[in-house]
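# Structural characterization, general
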Amino acid sequence: GDLSDEDSCSGPVRPVPPACNLTLEDFYSVFSTPGYLSYPYRTPGPYECRWVLDPHDSQRLVLSFSALELGPSDAVWIYDGPQEESGHLLRTLDAMSNNKPVTVESSSNKMTVTYRAASSNPVSDRKSTR
């Protein structure tokens, strides 16, 4: 009838990443900067994005960057905790991290990721897993 059971036949569907400045509460989350999936169109910089990773669970978080494409003046800061101000800086990423897998583990059950774009270069998908 309504073909609703046909959705699972086409294989896994890649989730659409949410926009900037959100709290991600799913067990597994995927996020990227605005314009990343609309190549060759990019969101012009400068701008800043912030994502709080809070799956409401007591386990530590593991953040995996599959690939980065940061511009020469762009940066990503990863904090342990729900806010930059109260969190401990775990890692800073810049263009030297491009095209390398990066994994960061928290000591708490929350993380904050801040991306500051000085140009129109995008940051690739990032995943938060536990």
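Located above this text is the structure these notes cover.
Below, the structure is looked at part by part. (Residues numbered from 1 in each chain as written. Predicted model: local features only at pLDDT ≥ 70, side-chain atom pairs only at ≥ 80, totals over all residues. Heavy atoms only, no water.)

### Things to note about the overall build of the chain
Each helix and strand in the chain was counted, giving 0 helices and 9 strands. Of the regular secondary structure in the chain, the N- to C-terminal order runs β-β-β-β-β-β-β-β-β. Taking all 130 residues of the chain together, the buried fraction comes to 40%. Counting contacts in the chain only where the partners sit at least 6 residues apart, residues at least 24 apart contribute 75% of the total. Accessible surface computed for the chain: about 7,400 Å², of which carbon and sulfur atoms make up 52%. (Helix = DSSP H or I, 4+ residues; strand = E, 2+ residues; numbered from the N terminus. Buried < 20%, exposed > 50% of the residue type's maximum accessible area, 1.4 Å probe, protein only. Contact = heavy atoms within 4.5 Å. Areas by Shrake-Rupley, 256 points an atom, 1.4 Å probe, with all protein chains shown as cover.)

### Describing the pattern of salt bridges
Between side chains of opposite charge, a pair can form as their charged atoms come close. Applying the stated criterion across every chain, the model contains 3 salt bridges. A salt bridge links R50 to E48, with the nearest nitrogen and oxygen atoms 2.7 Å apart. Residue E48 is joined to R116 by a salt bridge in which the shortest nitrogen-to-oxygen separation is 2.5 Å. Of this pair, E48 sits in strand β3 (residues 47-53) while R116 sits in strand β8 (residues 111-117), placing them 68 residues apart in sequence. Here E48 falls in the partly exposed class, since its relative accessible area comes to 29%. Here the salt bridges do not stand alone but share partners, grouping E48, R50 and R116 into one network. (Salt bridge = Lys/Arg side-chain N within 4 Å of Asp/Glu carboxyl O.)

### Quick word on unusual backbone geometry
In this structure, H56 takes a positive phi of about 55° despite not being glycine. Position of H56 relative to the elements: it lies in the loop between β3 and β4 (62-65). Classification of H56 as exposed rests on a relative accessible area of 56%.

### Regarding the side chain of D80
Here D80 lies in strand β5 (residues 75-80). No salt bridge is formed by the buried D80; its nearest oppositely charged neighbour, R60, is found at 8.3 Å. Separated by 2.2 Å, the side chains of D80 and S107 make a polar contact. (Lys, Arg positive; Asp, Glu negative; His and termini not counted. Polar contact = N/O pair within 3.5 Å; in protein donor to acceptor, adjacent residues only side chain to side chain.)

### As for the pairing of β8
Taken across its 7 residues, β8 has 6 buried, putting it largely inside the fold. The pairing of β3 with β8 spans 7 bridges and is antiparallel. For W51, the partnering residue across the bridge sits in β8 and is V113. As paired strands, β5 and β8 are joined by 6 bridges and run antiparallel to one another. By the bridge assignment for β8, D80 is matched with M111. (Pairing = 2+ DSSP bridges.)

### A closer look at the sheet that holds β5
If you trace the 5 strands from one edge of the open sheet to the other, you get β1-β3-β8-β5-β6, paired in mixed fashion. Sheet topology places β1 (22-24) and β6 (88-93) at the edges, where each strand pairs with a single neighbour. Ignoring which end each strand starts from, the neighbouring axes of this sheet average 20° apart. (Axes fitted to C-alpha atoms, helices over the stretch in contact; angles between N-to-C directions.)

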